[in-house]
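# An overview of the molecular structure
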Amino acid sequence: VPEHAELAWILGCLTNVPRLLRLPQWKMKHASQNNKGTVGLLTYPVLQAADILLYKSTRVPVGEDQVLHLELAQDIAQHFNKKYGEFFPVPKTILSEL
């Protein structure tokens, strides 16, 4: 579905790099790659946000390891809505048990 990548590009243009660098998944992978993390690794959470927001999801089941990524999706939705008007619902977290 090309709209996923297209929306990820738009949302990536609204997301600042320091916000992405604070995600623990980036820190762990970046350290394990001898400080040579890739752009794909850095921007993957924005693609996840696009996957959620594209379908205007209101509730998203996630494991505890993905809560911060959903918080990023919430932040991006709020930022987009503030800048362009109410468009995306801000998704709520539903913690799933494994």
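First, a word on scope: everything that follows refers to the structure included in this document. Note that the structure is a prediction, hence the values are computed from the model and not measured.

### Points about the pattern of salt bridges
- Tallied over the entire structure, the rule returns one salt bridge.
- The partner of Asp75 in a salt bridge is Arg19, and the shortest N-O contact between them spans 2.6 Å. With Asp75 in helix H5 (residues 67-84) and Arg19 in helix H2 (residues 17-21), this residue pair connects regions lying 56 residues apart in the sequence.
- Judged by relative accessible area, which is 18%, Arg19 ranks as buried.

### Some remarks on the packing of helix H4 (residues 39-54) against H5
- Put simply, H4 and H5 touch, their axes get as near as 9 Å, and they point 65° apart. Considering the angle they form, H4 stands roughly perpendicular to H5. Handedness of the H4/H5 crossing: right-handed. Two secondary-structure elements touch here, H4 through Pro45, Val46, Gln48, Ala49, Ile52 and Leu53 and H5 through His69, Leu70, Leu72, Ala73, Ile76 and Ala77.
- Residue composition of the contact of H4 with H5, grouped by class: 10 nonpolar, two polar and no charged.

### Brief notes about the packing of helix H1 (residues 2-14) against H4
- The interhelical angle for the contact between H1 and H4, taken along N-to-C directions, is 115°, at an axis separation of 8 Å. Crossing of H1 over H4 shows right-handed handedness. Here Glu3, His4, Leu7, Ala8, Leu11 and Gly12 of H1 lie close against H4, whose contacting residues are Val46, Leu47, Ala49, Ala50, Asp51, Leu53 and Leu54.
- Class assignment for the residues of the contact of H1 with H4 results in nine nonpolar, two polar and two charged.

### A closer look at the pairing of strand S2 (residues 92-95)
- With four bridges connecting them, strand S1 (residues 59-62) and S2 associate as parallel partners. Paired with Arg59 across the two strands is Lys92, which belongs to S2.
- A crossover links S1 with its parallel partner S2, the connecting element being H5, and its sense is right-handed.

### A look at the environment of Pro24
- Looking at where Pro24 falls in the secondary structure, it is placed in helix H3 (residues 24-32).
- Spatially, the C-alpha atom of Pro24 lies 15 Å from that of Ala73, the residues being 49 residues apart in sequence.

Scoring rules and cut-offs
- Residues numbered from 1 in each chain as written.
- Predicted model: local features only at pLDDT ≥ 70, side-chain atom pairs only at ≥ 80, totals over all residues.
- Heavy atoms only, no water.
- Salt bridge = Lys/Arg side-chain N within 4 Å of Asp/Glu carboxyl O.
- Helix = DSSP H or I, 4+ residues; strand = E, 2+ residues; numbered from the N terminus.
- Buried < 20%, exposed > 50% of the residue type's maximum accessible area, 1.4 Å probe, protein only.
- Axes fitted to C-alpha atoms, helices over the stretch in contact; angles between N-to-C directions.
- Parallel < 35°, antiparallel > 145°, perpendicular 65-115°, else oblique.
- Left-handed = near helix turned anticlockwise from the far one by under 90°.
- Contact = heavy atoms within 4.5 Å.
- Nonpolar A, V, L, I, M, F, W, Y, C, P; charged D, E, K, R; others polar.
- Pairing = 2+ DSSP bridges.
- Right-handed = clockwise from strand over helix to strand, strands pointing away.

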